[in-house]
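Given next are the chains, with one letter for each unit.
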Amino acid sequence: MEKKRYPEKTNRNNLPPKEPKDFIYGARTVIEAIEADKQIDKILLKKGIDSDLRNDVTVLAEQKGIPMQTVPIEKLDRMARNLNHQGVIAFTSVITYEDLDQILLKLHESGKEPNLLMIDQVNDVRNFGAIARTAECLGVDAIIIPEQGSARINSDAMKVSAGALNHIPVCRVKHLMDAVHMFKQQEIKLVSCTEKSTILAFEADLTGPVCFIFGSEEKGITPRIIRFSDMEVAIPMMGHIGSLNVGVSVGIVLSEAVRQRLTK
């Protein structure tokens, strides 16, 4: 019996390819977006590209503190799928980043003790969305991330966060150490959560003005940040596996902090 053949899927209406939702492309389009103060997570530039428009993109991005990365043209071609990217692609953000100084000022004026979360080198979008959902549910006032090495806050992150990213401020700083120094000056306790600590989170005082710091599962927290921390805490591990997903770790430690505040 002859095998039944199915027709190839075609674009019946001969429509152009769908526009991507999470990035924009083309030097002029990206320049206009930056000048209009659109929220941009990151800009990818073709390696070796050299033009006036490319230089304009670079200058504007540096002025706005937008991270940039040079990549092979093949990567841009795969992303843009036959669209004329001109060697420039910009990832857009679904949120508006908040200013950390303003967040701290508002907390001070309201008389509320800061309850902050710093995420170091966590670049998985779904992990970040889950962390944001947990943080919002457990009363975190703001999430602090670095310009480089952090997950893009796109539609996937928003979906996994169950909309929490619409409610919890996210502050993007050039270097996390800038935020660390600011917290030290304002006497906000820095608590690094690492499995290498001999102090368990349940034994530590997690009340008062505090910023909890979590790193990626692969790299952990940057050693310099740990050195500046006021405290290191760990989660007790009873099984054979010696580590937890970072999102789960955030939930455990923040839950203990909530318990301590409610029973203080």
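Structure: see above.
Note that the structure is a prediction, hence the values are computed from the model and not measured.

K.L.:
Help me understand the overall build of the protein in this model?
P.N.:
Looking only at helices and strands, the protein has 9 helices and 10 strands in total. If you line up the protein on its principal axes, its C-alpha atoms span 70 × 60 × 30 Å. Residues classed as buried in the protein amount to 48% of the 264 residues present. Taking the intrachain contacts of the protein between residues at least 6 apart in sequence as the baseline, contacts between residues at least 24 apart amount to 80%. Working note: accessible area of the protein is about 15400 Å², and carbon and sulfur atoms make up 49% of it. For the protein, the distance from the average position of its 34 positive side-chain charges to the average position of its 35 negative side-chain charges is 7 Å.

K.L.:
I'm lost on the packing of helix α4 (residues 100–110) against helix α7 (residues 176–185) in this one. Help?
P.N.:
For the pair α4 and α7, the least separation of the axes is 12 Å and the interaxial angle reads 25°. Here α4 is positioned roughly parallel relative to α7, judged by the angle of their axes. With respect to the hand of their crossing, α4 and α7 are arranged in right-handed fashion. Contacts from Leu100, Asp101 and Leu104 in α4 reach Ala179, Met182 and Phe183 in α7. A breakdown of the residues in the contact of α4 with α7 according to their chemical character gives 5 nonpolar, no polar and 1 charged.

K.L.:
Which parts of the structure should I look at to understand the pairing of strand β3 (residues 68–71)?
P.N.:
For a regular strand, side-chain orientation follows a simple rule: the groups alternate between the two sheet faces. As paired elements, strand β2 (residues 40–46) and β3 share 4 bridges and run parallel to each other. Across the sheet, residue leucine 45 finds its bridge partner in β3, namely threonine 70. In terms of handedness, the path from β2 via helix α2 (residues 52–64) over to β3 forms a crossover that is right-handed.

K.L.:
Before we go on, may I ask you to explain the nonpolar core in this structure?
P.N.:
Across soluble globular proteins, nonpolar side chains show a tendency to be buried alongside one another. Counting 36 residues, the largest nonpolar core has Leu117, Ile143, Leu165, Phe212 and Phe214 as its most contacted members. Counting residues in each nonpolar core, the second largest holds 23 residues, with Ile144, Leu190, Ile213 and Ile226 among its members.

K.L.:
Help me understand the sheet that holds strand β1 (residues 23–25) in this model?
P.N.:
Within a beta sheet, neighbouring strands are joined by backbone hydrogen bonds and run either parallel or antiparallel to one another. Overall, mixed pairing links the 4 strands, which are arranged β1-β4-β2-β3 in an open sheet. The open sheet terminates on both sides in strands that have one partner only, identified here as β1 and β3. For this sheet, the mean inter-axis angle between neighbouring strands, taken without regard to orientation, is 25°. Two elements, β1 and strand β4 (residues 88–92), share 3 bridges in a ladder whose sense is antiparallel. Within β4, the residue paired with tyrosine 25 across the bridge is isoleucine 89. Across the sheet, helix α1 (residues 27–35) lies against β1, β2 and β4, angled at about 125° from β1, the strand it touches most. Running over the sheet, α2 touches β2, β3 and β4 and is turned about 150° from β2.

K.L.:
For this particular structure, what's the right way to read the pairing of strand β7 (residues 170–173)?
P.N.:
Taking every second residue as pointing to the same face, both faces of β7 are buried, with Val170 and Arg172 on one and Cys171 and Val173 on the other. Bridging between strand β6 (residues 142–146) and β7 involves 4 bridges; their strand directions are parallel. Among the inter-strand pairings, isoleucine 143 is bridged to a residue of β7, identified as valine 170. In terms of handedness, the path from β6 via helix α6 (residues 155–160) over to β7 forms a crossover that is right-handed.

Calculation notes
- Residue numbers here run from 1 along each chain, matching the order of that chain's written sequence.
- Local features in this predicted model are restricted to residues whose pLDDT is 70 or higher, and side-chain atom pairs enter the listing and the counts only when it is 80 or higher, whereas totals over whole chains, interfaces and linings include all residues.
- Where side-chain values are given, they derive from all heavy atoms of the structure, hydrogens and water being excluded.
- The numbering of helices and of strands both runs from the N terminus, where a helix is a DSSP run of H or I of at least 4 residues and a strand a run of E of at least 2.
- Each residue's exposure class comes from its accessible area (1.4 Å probe, protein chains only) as a fraction of the maximum for that residue type: buried when under 20%, exposed when over 50%, partly exposed otherwise.
- We call two residues in contact when some of their heavy atoms are within 4.5 Å.
- Throughout, the Shrake-Rupley method with a 1.4 Å probe supplies accessible areas, and for residues the shown protein chains are the sole cover considered.
- Positive: Lys, Arg. Negative: Asp, Glu. His and the chain ends are not part of the count.
- Throughout, a charge is located at the NZ atom of Lys, the CZ atom of Arg, the CG atom of Asp or the CD atom of Glu.
- Here an angle of 0 to 180 degrees is reported between the N-to-C directions of two axes, which are lines fitted to C-alpha atoms, with helices fitted over the stretch in contact.
- Throughout, the term roughly parallel applies to angles under 35 degrees, roughly antiparallel to angles over 145, roughly perpendicular to angles from 65 to 115, and oblique to all others.
- Two helices crossing with the near one rotated counterclockwise from the far one by less than a right angle form a left-handed crossing, whereas a clockwise rotation gives a right-handed crossing.
- Three categories are distinguished: nonpolar for Ala, Val, Leu, Ile, Met, Phe, Trp, Tyr, Cys and Pro, charged for Asp, Glu, Lys and Arg, and polar for the others, with Gly belonging to the last.
- In short, DSSP must find at least two bridges between two strands for them to pair.
- A crossover counts as right-handed when, viewed with the strands pointing away from the observer, the path leading from the first strand over the helix to the second turns clockwise.
- Among buried residues, the Ala, Val, Leu, Ile, Met, Phe, Trp, Tyr and Cys ones that are joined through side-chain atoms within 4.5 Å form a nonpolar core.

In short, shape yes, function no, at least from these values alone.
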